[in-house]
Amino acid sequence: MSDKVAIRFQPQRAEIAVERGQTVLEAARIGKVGLTHKCGGHGTCGTCKVQVDSKTELETPTKVELRHLSEHRLAAGFRLACQCKITGPATVLVPEDPLRRVVRELLEAQRQERGDTDSQFEDGCLEAADAE
Ligand code: FES
């Protein structure tokens, strides 16, 4: 019997069903959610930082996470996506690249000026960039 749990990624608004025990990075890969992971998930680069909702169920931080994240950041919900395993329903905030944020805000402003409610094209562009 499958033991799947839902993990939600923000701001991508992606919800993915994954096996309990998979890492957040594995879930992001399955859901094609863009998440920086320069060392490929080996716990050496620290670039896969995400912030989890306080109600999210994850395993306790690993020694690798304790090396990369200060007490303050851990208390604020930051984790390394390649290290933390999902033990229950999870909501994860993926920090947005500053340049991507500027592009997204410009696209949203243009959309509002046009009164356009169909954002599929712009969303598709950003999602395609995420998948790279
Ligand atoms: S991908 Fe490098 S520490 Fe997580």
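- The chain appears in an unreviewed UniProt entry as 2Fe-2S ferredoxin-type domain-containing protein from Sulfoacidibacillus thermotolerans.
- Its UniProt record, at the heading Cofactor (unreviewed entry), says of the chain: "[2Fe-2S] cluster".
- The chain has a UniProt comment under Sequence similarities (unreviewed entry) that states "Belongs to the adrenodoxin/putidaredoxin family."

1. Things to note about unusual backbone geometry
Reasoning step 1: With omega at 5 degrees, the peptide bond leading from Q10 into P11 counts as cis.
Reasoning step 2: Counting through the fold element by element, P11 comes out in the loop between strand 1 (4-10) and strand 2 (14-19).
Reasoning step 3: Residue R13 is not a glycine yet carries a positive backbone phi of 60 degrees.
Reasoning step 4: With respect to the helices and strands, R13 occurs in the loop between strand 1 and strand 2.
Reasoning step 5: The class for R13 is exposed, based on a relative accessible area of 64%.
Reasoning step 6: In this model, K32 sits at a positive phi of 55 degrees, which is unusual for a non-glycine residue.
Reasoning step 7: With respect to the element layout, K32 can be found in the loop between helix 1 (24-30) and strand 3 (49-52).

2. Some points on the side chain of E65
Reasoning step 1: Its location among the elements puts E65 in helix 2 (residues 63-68).
Reasoning step 2: The exposure class of E65 is buried, given its relative accessible area of 0%.
Reasoning step 3: Dropping the residues within four chain positions of it, E65 is found in contact with T60, R79, L80, Q83 and C84.

3. Side note on the pattern of salt bridges
Opposite charge on two side chains makes pairing possible when the charged atoms of those side chains draw close.
Reasoning step 1: Inspection of the entire model under this criterion finds seven salt bridges.
Reasoning step 2: The partner of R20 in a salt bridge is D3, and the shortest N-O contact between them spans 2.9 Å. Here R20 is found in the loop between strand 2 and helix 1, whereas its partner D3 is found in the segment before strand 1, with 17 residues between them in sequence.
Reasoning step 3: The exposure class of R20 is partly exposed, given its relative accessible area of 39%.
Reasoning step 4: Note on D3: relative accessible area 36%, which makes it partly exposed.
Reasoning step 5: For the salt bridge of R8 with E15, the shortest nitrogen-to-oxygen distance reads 3.2 Å.
Reasoning step 6: Among the charged side chains, a network of salt bridges with common partners joins E96, R104 and E108.

4. What about the pairing of strand 1?
Reasoning step 1: Here strand 1 shows one buried face, formed by V5, I7 and F9, and one open face, formed by K4, A6, R8 and Q10.
Reasoning step 2: Across six bridges, strand 1 lies against strand 2 in antiparallel orientation. What sits directly across from I7, in strand 2, is I16.
Reasoning step 3: One ladder, built from four bridges, connects strand 1 with strand 5 (residues 90-93); its direction is parallel. Paired with F9 across the strands is V92, a residue of strand 5.

Definitions and cut-offs
Residue positions are counted from 1 within each chain, in the order its sequence is given. Where totals are concerned, whole chains, interfaces and linings use all residues; where local detail is concerned, this predicted model gives features only for residues with pLDDT of at least 70, and gives and counts side-chain atom pairs only at 80 or more. The side-chain figures draw on all heavy atoms in the structure; neither hydrogens nor water molecules are used. UniProt positions are given in the numbering used here, feature names are shortened, and annotations may be inferred rather than shown by experiment. Secondary structure follows DSSP: runs of H or I at least 4 residues long count as helices, runs of E at least 2 residues long count as strands, and numbering of each begins at the N terminus. Burial classification: accessible surface area is computed with a 1.4 Å probe over protein chains only, and a residue below 20% of its type maximum counts as buried, one above 50% as exposed, and the rest as partly exposed. Contacts are assigned to residue pairs with any non-hydrogen atoms lying within 4.5 Å of each other. Here, a salt bridge means any side-chain nitrogen of Lys or Arg that lies within 4 Å of a carboxyl oxygen of Asp or Glu. The rule for pairing is simple: two strands pair if DSSP sees at least two bridges between them.

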